[in-house]
Amino acid sequence: LTARIKEELDLASKDDSVKALVLRINTPGGSVTTSDIISHEIEVFKKKRKVPVVAELMDVAASGGYYIASSADRIIAHPTTVTGSIGVVAISVSACGLMEKIGITNQTIKSGPLKDIGSPLKAMTEEERRVLQSVVDGMYERFLDKVAAGRPGMFTRDELRKIADGRVYTASQALDLKLVDSIGYLDDSIEWAKKTAGVKEAR
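Residues numbered from 1 in each chain as written. Predicted model: local features only at pLDDT ≥ 70, side-chain atom pairs only at ≥ 80, totals over all residues. Heavy atoms only, no water.

Q: Any chance you could explain a nonpolar patch on the surface here in plain terms?
A: On the surface, a nonpolar cluster with roughly 370 Å² of combined accessible area is contributed by Val89, Ile91 and Val93. Relative to the elements of secondary structure, Val89 occurs in the loop between β4 (82-84) and α4 (96-101). Residue Val89 is classed as exposed on the basis of its relative accessible area, which comes to 66%. (Patch = residues over 30% accessible without salt bridge, like charges linked within 9 Å, V, L, I, M, F, W, Y side chains within 5 Å. Areas by Shrake-Rupley, 256 points an atom, 1.4 Å probe, with all protein chains shown as cover. Salt bridge = Lys/Arg side-chain N within 4 Å of Asp/Glu carboxyl O. Helix = DSSP H or I, 4+ residues; strand = E, 2+ residues; numbered from the N terminus. Buried < 20%, exposed > 50% of the residue type's maximum accessible area, 1.4 Å probe, protein only.)

Q: How should I be thinking about the side chain of Ser13 in this particular structure?
A: Considering the arrangement of structural elements, one finds Ser13 in helix α1 (residues 2-13). At a separation of 2.7 Å, a polar atom in the side chain of Ser13 contacts the main-chain carbonyl oxygen of Asp10. (Polar contact = N/O pair within 3.5 Å; in protein donor to acceptor, adjacent residues only side chain to side chain.)

Q: Where do I start with the nonpolar core in this structure?
A: Within soluble globular proteins, side chains that are nonpolar generally end up buried alongside one another. Ranked by internal contacts, the top residues of the largest apolar core, which has 35 residues, are Ile25, Phe45, Leu57, Ile86 and Leu179. Leaving out residues up to four positions away in the same chain, Leu179 has contacts with Tyr66, Ile75, Ile86, Arg151, Phe155, Ile163, Tyr169 and Ala174. (Core = buried A, V, L, I, M, F, W, Y, C linked by side-chain atoms within 4.5 Å. Contact = heavy atoms within 4.5 Å.)

Q: So what exactly am I meant to see when it comes to the environment of Lys6 here?
A: Tracing the chain through its elements places Lys6 in helix α1. Spatially, the C-alpha atom of Lys6 lies 26 Å from that of Asp181, the residues being 175 residues apart in sequence.

Q: Before we go on, may I ask you to explain the pairing of strand β1 (residues 21-27) in this structure?
A: Two faces, one strand: in a regular strand the side chains alternate between the faces of the sheet. Direction of pairing for β1 relative to strand β2 (residues 53-62): parallel, over a ladder of 6 bridges. Following the sheet pairing, Arg24 is matched in β2 by Glu56. The β-α-β motif built from β1, the intervening helix α2 (residues 32-49) and the parallel element β2 has right-handed crossover chirality. (Pairing = 2+ DSSP bridges. Right-handed = clockwise from strand over helix to strand, strands pointing away.)

Q: I keep staring at the environment of Gly64 and nothing clicks. Help me out?
A: Relative to the elements of secondary structure, Gly64 occurs in helix α3 (residues 64-69). Separated by 33 residues in sequence, Gly64 and Ser31 have C-alpha atoms that sit 7.2 Å apart.

Q: Can you help me understand the side chain of Thr83 in this one?
A: Mapped onto the fold, Thr83 is located in strand β4. Looking at Thr83, its side chain comes within polar contact range of the main-chain oxygen of Ala61, at 2.6 Å. With residues near it in sequence (within four places) discarded, Thr83 still touches Leu57, Ala61, Ala62, Tyr66, Arg167, Val168, Tyr169 and Ala174.

Q: Can you walk me through the pattern of salt bridges in this structure?
A: If the charged atoms of two oppositely charged side chains come close together, the side chains can form a pair. Taken as a whole, this structure holds 14 salt bridges when the rule is applied. Between Glu43 and Lys146 there is a salt bridge whose closest N-O contact spans 3.2 Å. Of this pair, Glu43 sits in helix α2 while Lys146 sits in helix α5 (residues 126-150); the two residues are 103 residues apart in sequence, bridging distant segments of the chain. Where Glu141 meets Arg161, a salt bridge forms, and the shortest distance between an N and an O atom there is 2.8 Å.

Q: Which parts of the structure should I look at to understand the packing of α2 against α5?
A: Axis angle and axis distance: for two packed helices, these are the angle between their axes and the distance between the axes, and together they describe the pair. Between α2 and α5, the least distance of the axes is 12 Å, while the angle of their chain directions is 25 degrees. Comparing the axis directions of α2 and α5 gives the class roughly parallel. Relative to α5, α2 is oriented so that their crossing is left-handed. Contacts from Val32, Asp36, Ser39 and Glu43 in α2 reach Met139, Arg142 and Lys146 in α5. A class-by-class count of the residues in the contact of α2 with α5 yields 2 nonpolar, 1 polar and 4 charged. (Axes fitted to C-alpha atoms, helices over the stretch in contact; angles between N-to-C directions. Parallel < 35°, antiparallel > 145°, perpendicular 65-115°, else oblique. Left-handed = near helix turned anticlockwise from the far one by under 90°. Nonpolar A, V, L, I, M, F, W, Y, C, P; charged D, E, K, R; others polar.)

Structural data, given as structure tokens:
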């Protein structure tokens, strides 16, 4: 999917008949890297073409979906969109209690004390928790940077941090919090793109 989006953006950047870009986003998110790559490709396109870019949020545009949307010049949410979920999560489980019950012993051999960090075969130590928390915190700050850069003047960093606690928002809640610019349908996004690009007809 990432390669396809990059290819389509490359083609659009070389096509002078492209006067605006409408992104339909419908995803609960995904990996930080994938979201960052797609966001980067949109920004590269904007620098090359300098045409308006609008994101139309569909059913769900959460976490990585909102990360990508923040690269657009305007964000329009469908009336029933669920968006937000600004944050980063690293899920880890421990099966060591179960292993003890059935007589399985962890015999991991490692090159360093933190090489098996997050392994489900053992309980997480406080040091391992601190290390993983620092990684998550670093990626979270990058997410905040992306939103702040894409929504300049909408909120202070402290205000953004308060609403970026990982929860999802309805379209109307997101509008009140300035995470989106308006609520509408795909036709509204196309009309905004046409008006901003100064064209009357488009396909």
